[in-house]
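Residues per chain are reported as follows:
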Amino acid sequence: MTMQSLEDVYHDQLQDLWSANKQSLEIVTELGRAAQNESLSKALIAGANGIQDGMDKIAEICQQHAIDPNGEHCKGMEGLVKEAKAHALNETFGDDDTRDAMIITQYQRMVHYGLAGYGCLVAFANRLGHDGDGAILQECLDGTYDGDRSMTDIAADGINAAAA
């Protein structure tokens with residue numbers, strides 16, 4: 001497809017972010033199961049719920065624009081998921097706290113991809129006059145920021161306290 005307008009870019013990026021969310025949902029669930037710190041595990045479960053909610057909202061927006069959310073495969077998230085599996089799930093660790101610290105790093109990389117995607121989509125939706133879309137996507141962006149901040153708090157205060 002040739003991109004002719006900001007509307008085309010907006011549609012493409014809706015599909016890209018839906019694909020990114022779809023790919024990250026399974027690995028975030030796996031990371032939540034692998035995490036030993038209770039706060040971390042709960043935060044990852046909440047993150048997976050937020051990802052699913054974002055997918056549902058993007059799918060609704062796509063439907064309103066008569067586009068298929070499955071229209072794009074996000075290669076960026078594909079790489080981040082591979083990295084998370086390799087570094088947080090398939091790696092050997094000396095203790096659970098060290099694995100939990102690695103889980104946080106991998107999760108936050110994926111979250112930051114989502115922040116960039118949602119941020120651009122909010123701006124594009126508002127610029128295109130899709131104010132309803134913009135409000136929905138802003139909710140997703142805000143929730144993603146909240147999850148990122150929560151993970152940073154867990155990293156700073158709750159992981160590997162004995163090492164501090």
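In what follows, the structure referred to is the one given above.
Residues numbered from 1 in each chain as written. Predicted model: local features only at pLDDT ≥ 70, side-chain atom pairs only at ≥ 80, totals over all residues. Heavy atoms only, no water.

Asker: Got a sec to walk through the overall build of the protein chain? Specific residues and values, please.
Answerer: Within the protein chain, the secondary structure is distributed over five helices and zero strands. Dimensions of the protein chain along its principal axes, counting C-alpha atoms only, are 55 × 25 × 20 Å. Per-residue burial over the protein chain gives 43% buried out of 164 residues. Nonlocal contacts in the protein chain, meaning residues at least 24 apart in sequence, comprise 77% of its contacts between residues at least 6 apart. Within the structure as shown, the protein chain displays about 8,500 Å² of accessible surface, and the carbon and sulfur contribution to it stands at 49%. In the protein chain, 11 positive and 27 negative side-chain charges are present, and the distance between their average locations comes to 4 Å. (Helix = DSSP H or I, 4+ residues; strand = E, 2+ residues; numbered from the N terminus. Buried < 20%, exposed > 50% of the residue type's maximum accessible area, 1.4 Å probe, protein only. Contact = heavy atoms within 4.5 Å. Areas by Shrake-Rupley, 256 points an atom, 1.4 Å probe, with all protein chains shown as cover. Lys, Arg positive; Asp, Glu negative; His and termini not counted. Charge placed at Lys NZ, Arg CZ, Asp CG, Glu CD.)

Asker: Before we move on, can you summarise unusual backbone geometry with the specific residues and values?
Answerer: Not every positive phi belongs to a glycine, and Ala66 is a case in point at roughly 60°. As for its placement among the helices and strands, Ala66 is situated in the loop between helix H2 (38-64) and helix H3 (75-89).

Asker: Talk me through the environment of Met3; I want residue IDs and the actual numbers.
Answerer: With respect to the helices, strands and loops of the structure, Met3 is situated in the segment before helix H1 (6-34). Not counting chain neighbours up to four residues away, the residues in contact with Met3 comprise Asp8, Val9 and Asp12.

Asker: So what's going on with the environment of Gly117? Which residues, and what values?
Answerer: Locating Gly117 in the fold gives a position in helix H4 (residues 96-127). Take Gly117: its relative accessible area is 17%, and that puts it in the buried class. Between the C-alpha atoms of Gly117 and Leu89, which are 28 residues apart in sequence, the distance is 26 Å.

Asker: Account for the environment of Gln36, with residues named and values stated.
Answerer: Mapped onto the elements, Gln36 comes out in the loop between H1 and H2. Separated by 59 residues in sequence, Gln36 and Asp95 have C-alpha atoms that sit 9.9 Å apart.

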